[in-house]
Protein chains: 2
Amino acid sequence: MISINGDRVISDLRELATIGAFQTGVDRVAFSAVDIQARRWLVEKLRQAGLEGSLDRAGNVLGRDPKAAKAILVGSHTDTVPKGGWLDGALGVIYALEAARSAFKSGETSAVGVDVISFADEEGTFLSCFGSRIFCGDIAASEIEAAKSKDGTRLLQALDAVANEAPHHRIDRERHLCFLEAHIEQGPRLEAAGRRIAVVTGLVGIRRLRVRAFGRADHAGTTPMAMRRDAGATLINFAAWVAQEFPKHAGPDTVWNIGSIAFQPGAANVVPSQSELVLEFRDTSAEVLDLLEGLVSARVQAMNGQPVAVAAETISRIAPAAMTASLGAMISDAASSVGETAMHIASGAGHDAMFVARVIPSAMMFVPSMGGRSHDISENTSDSDIVFGCRVFAEAVARARKNPQAFAAK
Amino acid sequence: MISINGDRVISDLRELATIGAFQTGVDRVAFSAVDIQARRWLVEKLRQAGLEGSLDRAGNVLGRDPKAAKAILVGSHTDTVPKGGWLDGALGVIYALEAARSAFKSGETSAVGVDVISFADEEGTFLSCFGSRIFCGDIAASEIEAAKSKDGTRLLQALDAVANEAPHHRIDRERHLCFLEAHIEQGPRLEAAGRRIAVVTGLVGIRRLRVRAFGRADHAGTTPMAMRRDAGATLINFAAWVAQEFPKHAGPDTVWNIGSIAFQPGAANVVPSQSELVLEFRDTSAEVLDLLEGLVSARVQAMNGQPVAVAAETISRIAPAAMTASLGAMISDAASSVGETAMHIASGAGHDAMFVARVIPSAMMFVPSMGGRSHDISENTSDSDIVFGCRVFAEAVARARKNPQAFAAK
């Protein structure tokens, strides 16, 4: 069993959280001054650990193991959502740093080193997983050209902040044998089960549909019920159908959400002339997603013109990402070696590993989130769970270094 | 049968519509310069007709028959909603003017004259039915003090425009034997039935409830369905219940509407933490309104805490107003005398007659609205329907003057 320095992990996380601190959380959005400051801080930490650390002109920080020809790639991201938490991303980066430090300190000989990465703009202030996508060469120039923040700032403009940094770091299929990412769960399942480690079986795919109805505005006092074309009642009917039918066709882990709905003109005494809602559903199985999307299409088609026009458009479609089972098994074996039986759960959120997994074998592990909270200043994990998770992560990295033939390269 | 001048009715309506003309409609909101201009125009028309016309310091215009000790009170309002139609209110005022002119021209002797009124701010730019309420002494000073327009202008400030006009006109129980108001239907029923005249059986009461749910914002990807407290799904469930249950308990003429709904925070990937909708329902029967409100309360109570907190509050409650049947019969008799069988329908909208009916016997009649449209520049009625309606109205006024003992004073 590899040993880690738990106090150092906590103190590094606490120090990192001071950069862009916001109340009990952190506001460190991509390419802000504090985001760059945190990345320079990490470069310094990597150098102190004996790695060749540098920030590149995409905002990615890579700490390269100078003594090894091959390496396990480990890491996550240090940017946050606005008014976010102190652990989302940061935890995986500090685990990676500690896994590298432990590996070097252990002195165990292995042909396989440890490379640490912190990806840029995972949270999508400009473009979700920008850092991991450009690192993996999985992004079109036109996407970078078009990307803007909510306030209209272009990504290309934001990148000025790192224009004088190192040339782009790139994934190296010869060198990088696999990718391991630790993250807070951002959900309540570990806590609810009283468990400390989850191996991620896969990252869910996401379908997002906008459903709109077009009826007629009528005086709600003078227009008999039977003579209305009520766009509001039409979408209420649709939403109630979702609540009734989705459970019959969904998989055990499928989740769905109607996060927004609005009626026009929105007056109490006017029958809604237009209405709109956004329905999202997620599953690790593309078949389940296709089935649900097909049911929605059929329902919308059946409702259309009865007597209100209804239309659905798919506004976002993200494919599920499988994780490498043999690599996940190393995480659960590492957990077992310290007496913990890992849960196996799908990740309902997207992560950088989604893109890295398209290139090299990849796996993720989760530690508990108190109350399931994330993307909020209340996001937290107990110190003991943080330290325990780091031990498991460092042990999994050590096992991967020793036994790289256990996970077949894709 | 009394005779009217149909061309004069149309030309007066057209002339009035030029004051505050907006595209094919009229924008003549209460106490605007064009509203005051239209009221001065009416005073002049009343004087030309031989009435003592004056604008008072509430914005009400009264045309008093100088030759009679008692009178039938007739009229409506000349203010409009923003970007409204040319007939809503104006039609009833010009009918009243023409009924007075016809009465004087007929030379028939009667102890009962005709008084014409145009009430201020019926549309509620500042306070719904302000003019008829102050005319009837049915308004508290505190309400006038508090009334404001949507843009924050106080009614007291708006009244500066008429501060130098005549002292308040008041209803006179000795003089005003009854009130007759004509109006466009603002609904599609006459047109759908191919009929030209409706006698209003009563004005509906209105209950307006705000229903709110308080759940918890959760990540819609990482929080299993069973662990959510979804405020959005809760109100979808409630709204679907309304659609299913109201038809079982409503009367034949009950109408209801969910005109607005909103979820917070309103993001596709966040389970709604709060939600709110406004449910309104109308009926001429207070018993039906009580029954429906009771059902809603019971449903909200049953849903509350399962697992989302739900609460309903009644934000508006307007009592139904009965019309005087014997006076309505005079309208249907007048229609029959020219070969038209009047429909009998409830008014789904509020009118000045609602308040006048609390003091003296009152009745209303409707003429068709093309496509049921009102409160919009597309509002219209054919010239022939307008003229036909005026003949019936003037005849009904003539019958009321001749036979005031037919409707018992309240």
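Computed from a predicted structure; not experimentally measured.

Section: the overall build of chain A
Inference 1: What chain A contains, in helices and strands, is 12 helices and 17 strands.
Inference 2: Computed over its C-alpha atoms, the radius of gyration of chain A comes to 24 Å, within 12% of the 22 Å expected for a compact globule of 410 residues.
Inference 3: Oriented by its inertia axes, the alpha-carbon framework of chain A measures out at about 85 × 45 × 40 Å.
Inference 4: In chain A, which comprises 410 residues, the share counted as buried stands at 57%.

Examining the domain arrangement of chain A
Residue and element names in this part refer to chain A.
Inference 1: Splitting chain A by domain gives domain 1 (6-203 + 320-406) and domain 2 (205-318).
Inference 2: On a C-alpha basis, the centres of domain 1 and domain 2 stand 37 Å from each other.
Inference 3: Contacts between the two partners involve six residues from domain 1, matched on the other side by nine residues from domain 2.
Inference 4: Counted by class, the side of domain 1 that touches domain 2 contains two nonpolar, four polar and no charged residues.

Here we look at the environment of B:Met354
Residues and elements named next belong to chain B.
Inference 1: Its location among the elements puts Met 354 in helix α11 (residues 353-356).
Inference 2: With 28 C-beta atoms counted inside 10 Å, the residue Met 354 sits in the buried group.
Inference 3: With 250 residues separating them along the chain, Met 354 and Phe 104 place their C-alpha atoms 28 Å apart.
Inference 4: For Met 354, the residues in contact, after removing those within four places along its chain, are Cys 129, Leu 203 and Ala 321.

A word on the relation of the copies chain A and chain B
Inference 1: Superposition record for chain A on chain B: RMSD 0.1 Å, screw rotation 180°, translation along axis 0.2 Å. The symmetry that links the two subunits is that of a two-fold axis.
Inference 2: Most of the interface of chain A is mirrored in chain B, where 98% of its interface residues are also at the interface.

Some words on helix α12 (residues 383-402) of chain A
Inference 1: Here α12(A) is 20 residues long and its end C-alpha atoms lie 29 Å apart, about the 28 Å a rise of 1.5 Å per residue gives.
Inference 2: Counting buried residues in α12(A) gives 15 out of 20 residues, a clear majority hidden from the surface.

Describing the sheet that holds strand β14 (residues 309-318) of chain A
Residues and elements named next belong to chain A.
Inference 1: The four strands are arranged β11-β13-β9-β14 in an open sheet whose pairing can be described as antiparallel. Here the strands that pair on one side only, and so sit at the sheet edges, are β11 (255-264) and β14. Between one strand axis and the next, the sheet turns through 15° on average, direction left out of account.
Inference 2: Where strand β9 (residues 205-214) meets strand β13 (residues 274-283), 10 bridges bridge the pair, whose relative direction is antiparallel. Note that in β13 the partner of Arg 207 across the bridge is Phe 281.
Inference 3: Contacting β9, β11, β13 and β14, helix α8 (residues 231-249) crosses the sheet at an angle of about 15° to β13.

Thoughts on the sheet that holds strand β9 (residues 205-214) of chain B
Residues and elements named next belong to chain B.
Inference 1: With antiparallel pairing, the four strands of this open sheet are ordered in space as β11-β13-β9-β14. The sheet is open, and its two edges are formed by β11 (255-264) and β14 (309-318), each paired on a single side. The mean inter-strand angle of the sheet, taken between neighbouring strand axes irrespective of direction, is 15°.
Inference 2: Both β9 and β14 contribute to a ladder of nine bridges, which runs antiparallel. The residue of β14 that forms the bridge with Ala 213 is Val 310.

Some thoughts on unusual backbone geometry
Inference 1: Between A:Gln306 and the following residue, A:Pro307, the backbone shows a cis peptide bond with an omega angle of -5°.
Inference 2: Residue placement: A:Pro307 occurs in the loop between α9 (286-303) and β14.
Inference 3: Even without a glycine there, the phi angle at A:Cys129 is positive, about 55°.
Inference 4: With respect to the element layout, A:Cys129 can be found in the loop between β6 (112-119) and α4 (130-135).
Inference 5: By C-beta crowding, A:Cys129 is classed as buried, having 25 other C-beta atoms within 10 Å.
Inference 6: Residues other than glycine seldom take positive phi values, yet B:Phe31 does so here, at roughly 70°.
Inference 7: Tracing the sequence through the fold places B:Phe31 in the loop between β2 (25-26) and α2 (33-48).
Inference 8: According to the C-beta neighbour criterion, B:Phe31 is buried, with 23 such atoms within 10 Å.

A few points about the interface of chain A and chain B
Inference 1: Between chain A and chain B, the contact holds 47 residues from the first and 46 residues from the second.
Inference 2: When contributions to the side of chain A that touches chain B are tallied by element, the ones reaching two or more residues are α7 (189-193), β10 (218-219), α8, β11, β12 (270-271) and β13 of chain A.
Inference 3: Here the side of chain A that touches chain B gets eight residues from one element, more than from any other, and that element is β11(A).
Inference 4: Counted by class, the side of chain A that touches chain B contains 24 nonpolar, 17 polar and six charged residues.

Focus: the confidence of the model for chain A
Inference 1: Across chain A, pLDDT averages 96, with 99% of residues at or above 70.
Inference 2: Here the complex is predicted with pTM 0.85, and the ipTM for its interfaces comes to 0.86.

A short note on the pairing of strand β5 (residues 70-77) of chain B
Consecutive residues of a regular strand have side chains that alternate between opposite faces of the sheet.
Residue and element names in this part refer to chain B.
Inference 1: With seven of eight residues buried, β5 lies mostly within the body of the structure.
Inference 2: Where β5 meets strand β6 (residues 112-119), eight bridges bridge the pair, whose relative direction is parallel. Paired with Leu 73 across the strands is Asp 115, a residue of β6.
Inference 3: Handedness of the crossover is the feature at issue here: the chain leaves β5, passes through helix α3 (residues 90-106), returns alongside β6, and the resulting connection is right-handed.

Some remarks on α9(A)
All names here are of chain A.
Inference 1: In this model α9 runs 26 Å from its N-terminal to its C-terminal C-alpha over 18 residues, within 8% of the 26 Å that 1.5 Å per residue would give.
Inference 2: For α9, the full list of buried residues reads Val 288, Leu 289, Leu 292, Val 296 and Met 303. All buried residues of α9 project into a common sector of 100° when viewed along the axis, lining one side. The exposed residues of α9 that point more than 90 degrees off its buried face are Ala 286, Glu 287, Gly 294, Ala 298, Gln 301 and Ala 302.
Inference 3: On the buried face of α9, the contacting elements are β9, α8, β13 and β14.
Inference 4: Positive phi appears at Gly 305, one or two residues downstream of α9, with a value of about 85°.

Rules of the game
- Residues numbered from 1 in each chain as written.
- Chains lettered and ligands numbered in written order.
- Predicted model: local features only at pLDDT ≥ 70, side-chain atom pairs only at ≥ 80, totals over all residues.
- Helix = DSSP H or I, 4+ residues; strand = E, 2+ residues; numbered from the N terminus.
- Rg over C-alpha atoms; globule rule 2.2 N^0.38 Å.
- Buried ≥ 20, exposed ≤ 12 C-beta atoms within 10 Å, placed from the backbone.
- Domains from an automatic or database assignment.
- Contact = placed C-beta atoms within 7 Å.
- Nonpolar A, V, L, I, M, F, W, Y, C, P; charged D, E, K, R; others polar.
- Least-squares fit on C-alpha atoms with pLDDT ≥ 70 in both.
- Expected span 1.5 Å × (residues − 1).
- Pairing = 2+ DSSP bridges.
- Axes fitted to C-alpha atoms, helices over the stretch in contact; angles between N-to-C directions.
- pLDDT = per-residue confidence, 0-100.
- Right-handed = clockwise from strand over helix to strand, strands pointing away.
- Arc of directions from axis to C-beta.

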